[in-house]
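# What the coordinates show
Chain by chain, the residues run as shown.
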Amino acid sequence: VSLVLPVSPMANCDLGSRPVLLSNGHGWANVTRFAALSLHRLSETQHKAKMSGASALWRCFSRMEEEQKRCGLHRLRQSASMESVLSTKKQTDEMLRKLRVMVDSFDLEVDESVESICRHILDEEDDLMNLFLKH
């Protein structure tokens, strides 16, 4: 019985395929060794594919995690910015309210002072007119 196995692509093309004789013990040993090597290579390839797939999946998850961290930090910065803006706006509104109260009170004080000065001047004029009229 003979079995024809293909030769590796590295072999010379002129030789073609070589028959493997299974009638002796070395032929079966060669076939068994060839089958074991092929299964080992297939197993290694599957393992590499699995590991590269797991590695790719891990990298994908890592990128997603990094993007989520960036997004969270961006939202945190926005929130902090909004809080500081709101706080500053509240402080500014309070300062404007106090300034309006000060301006209003100043206007009242000035109005009273001006009115007092005007009364004083008018009173003096009245006194002078009375004195002038009496003489």
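Residues numbered from 1 in each chain as written. Predicted model: local features only at pLDDT ≥ 70, side-chain atom pairs only at ≥ 80, totals over all residues. Heavy atoms only, no water.

### Notes on the overall build of the protein chain
Scanning the protein chain from terminus to terminus reveals one helix and two strands. Reading the secondary structure of the protein chain in the N-to-C direction produces β-β-α. Relative to its 135 residues, the protein chain shows a buried fraction of 3%. (Helix = DSSP H or I, 4+ residues; strand = E, 2+ residues; numbered from the N terminus. Buried < 20%, exposed > 50% of the residue type's maximum accessible area, 1.4 Å probe, protein only.)

### Side note on a nonpolar patch on the surface
Residues Leu96, Leu99, Met102 and Val103 make up a contiguous nonpolar surface patch of about 360 Å² in total accessible area. Along the chain, Leu99 falls in helix H1 (residues 25-134). A relative accessible area of 46% places Leu99 in the partly exposed class. (Patch = residues over 30% accessible without salt bridge, like charges linked within 9 Å, V, L, I, M, F, W, Y side chains within 5 Å. Areas by Shrake-Rupley, 256 points an atom, 1.4 Å probe, with all protein chains shown as cover. Salt bridge = Lys/Arg side-chain N within 4 Å of Asp/Glu carboxyl O.)

### Overview of a negative patch on the surface
Together, Asp104, Asp107, Glu109, Asp111 and Glu112 give the surface a local cluster of negative charge. Assignment of secondary structure puts Glu109 in helix H1. (Lys, Arg positive; Asp, Glu negative; His and termini not counted. Charge placed at Lys NZ, Arg CZ, Asp CG, Glu CD.)

### With respect to the pattern of salt bridges
This structure, assessed with the given rule, holds five salt bridges. Between Arg97 and Glu94 there is a salt bridge, and its shortest N-O distance comes to 2.6 Å. Within this pair, Arg97 and its partner Glu94 are both found in helix H1, separated by three residues, close to a single helical turn. Residue Arg97 is classed as partly exposed on the basis of its relative accessible area of 42%. The exposure class assigned to Glu94 is partly exposed, which follows from its relative accessible area of 33%. Arg119 is the salt-bridge partner of Glu115, the closest N and O atoms lying 2.0 Å from each other. Note that Glu115 and Arg119 are positioned in helix H1 at a spacing of four residues, about one turn of the helix.

### Some words on the confidence of the model for the protein chain
Atomic detail in the predicted coordinates should be set aside for any region of low pLDDT. Looking at the protein chain, pLDDT values average 79 and 81% of them are 70 or higher. Within the protein chain, H1 carries the highest mean pLDDT (84), whereas strand E1 (residues 2-5) carries the lowest (47). This stretch, residues 1-7, has a pLDDT under 50; its non-local contacts, to residues over four places away or in other chains, come to 20 contacts. (pLDDT = per-residue confidence, 0-100. Contact = heavy atoms within 4.5 Å.)

### Here we look at the environment of Ser105
Its location among the elements puts Ser105 in helix H1. You can call Ser105 partly exposed: its relative accessible area is 33%. Here the side chain of Ser105 touches Met102 through a polar contact of 2.9 Å, landing on its backbone oxygen. (Polar contact = N/O pair within 3.5 Å; in protein donor to acceptor, adjacent residues only side chain to side chain.)

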